[in-house]
Amino acid sequence: MLPIGYNDRDALLFLQYKIQTRFACSASILTGIEIPERAFDRDRHQYSSSEFLRQILANSPKDAIRTLGVTPVDLFIPVLTFVFGQAQLGGKAAVVSTLRLKQEYYELPPNETVFLERLGKEAVHELGHTFGLVHCRDPRCVMHLSNKIREIDIKGDSFCESCSKLLSKEL
Ligand SMILES: [Zn+2]
Ligand SMILES: [Zn+2]
């Protein structure tokens, strides 16, 4: 995990545990980097998630199987108003943004449990893409597409049987 302008230690420790559980591997928290200002889009007031992926690759240790960036800033890809995260399909890098996973973003009282659940799902989802998994039709599966926060809340944080099978071939 590569914190990018991110310093919520509890959230990172939770993610470490979640990733280790779901991918049966060891996960470590790297020394963080600054938010790459070149990724900032002045018109959109958001950050390019593709540029984040490039920075993550550049800061990825050689022995890392995958590197997941975690950042508090809002990310976008050109065709969408925002993304919760992005990954290279079958590649090495993924990124998640915590901004829209927080209740406060929707003007609701803060709820750490809800936030961590969402963060775990998004991280597992994006890392799933790096292992070649595509979106799953099962609404409970962590690989189900979620463009809205409600869709994240509906799905679970684990892989359905068919995604599990595909993943186990990659691990
Ligand atoms: Zn996805
Ligand atoms: Zn699935």
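Note that this is a predicted model, so its numbers are computed, not measured.

(A) Region of the structure containing the overall build of the protein. In terms of regular secondary structure, the protein is built from five helices and seven strands. Scaling as 2.2 N^0.38, a compact globule of 171 residues should have a C-alpha radius of gyration of about 16 Å, and the protein matches this with 15 Å. With the principal axes as the frame, the protein shows a C-alpha extent of 45 × 40 × 30 Å. In the protein, which comprises 171 residues, the proportion classed as buried is 37%.

(B) Molecular detail of the nonpolar core. One finds Phe52, Leu68 and Ala123 to be the most contacted residues of the largest nonpolar core, which totals 37 residues. Listing elements by their share of this core, those giving two or more residues are α1 (9–23), α2 (49–58), β4 (67–71), β5 (75–76), β7 (93–97) and α3 (112–130). Contacts of Ala123, omitting those with residues within four sequence positions, involve Leu15, Lys18, Ile19, Leu68 and Val96.

(C) Spotlight on α3. End to end, α3 covers 27 Å across 19 residues, agreeing with the expected 27 Å (1.5 Å per residue, within 8%). The complete set of buried residues in α3 reads Arg118, Leu119, Gly120, Lys121, Glu122, Ala123, Val124, His125, Glu126, Leu127, Gly128 and Thr130. In the core, the buried residues of α3 are packed alongside α1, β4, β6 (85–87), β7, α4 (149–154) and α5 (161–170). Immediately downstream of α3, the backbone of Gly132 shows phi near 90°, a positive value.

(D) Expanded view of the sheet that holds strand β1 (residues 2–3). The sheet built from four strands is open, its strands ordered β1-β4-β7-β6 with mixed pairing. Lying at the two open borders of the sheet, with one neighbouring strand each, are β1 and β6. Pairing geometry for β4 and β7, over five bridges, is parallel. Across the sheet, residue Thr67 finds its bridge partner in β7, namely Ala93. Where α3 meets the sheet, it contacts β4, β6 and β7, and its direction lies at approximately 160° from that of β7.

(E) Broad picture of the sheet that holds β5. One open sheet accounts for three strands, arranged β2-β3-β5; its pairing is mixed. Both outer strands of the open sheet, β2 (40–41) and β5, are each paired with one neighbouring strand and no more. Of the pairings in the sheet, the one linking β2 to strand β3 (residues 46–48) comprises two bridges and is antiparallel in character. Bridge assignment links Asp41 to a residue of β3, and that residue is Gln46. Where α2 meets the sheet, its contacts fall on β3 and β5, and the angle it forms with β3 comes to roughly 55°.

Cut-offs and rules
Residues numbered from 1 in each chain as written. Chains lettered and ligands numbered in written order. Predicted model: local features only at pLDDT ≥ 70, side-chain atom pairs only at ≥ 80, totals over all residues. Helix = DSSP H or I, 4+ residues; strand = E, 2+ residues; numbered from the N terminus. Rg over C-alpha atoms; globule rule 2.2 N^0.38 Å. Buried ≥ 20, exposed ≤ 12 C-beta atoms within 10 Å, placed from the backbone. Core = buried A, V, L, I, M, F, W, Y, C linked by C-beta atoms within 7 Å. Contact = placed C-beta atoms within 7 Å. Expected span 1.5 Å × (residues − 1). Pairing = 2+ DSSP bridges. Axes fitted to C-alpha atoms, helices over the stretch in contact; angles between N-to-C directions.

Honestly, it's all geometry; don't read function into it.
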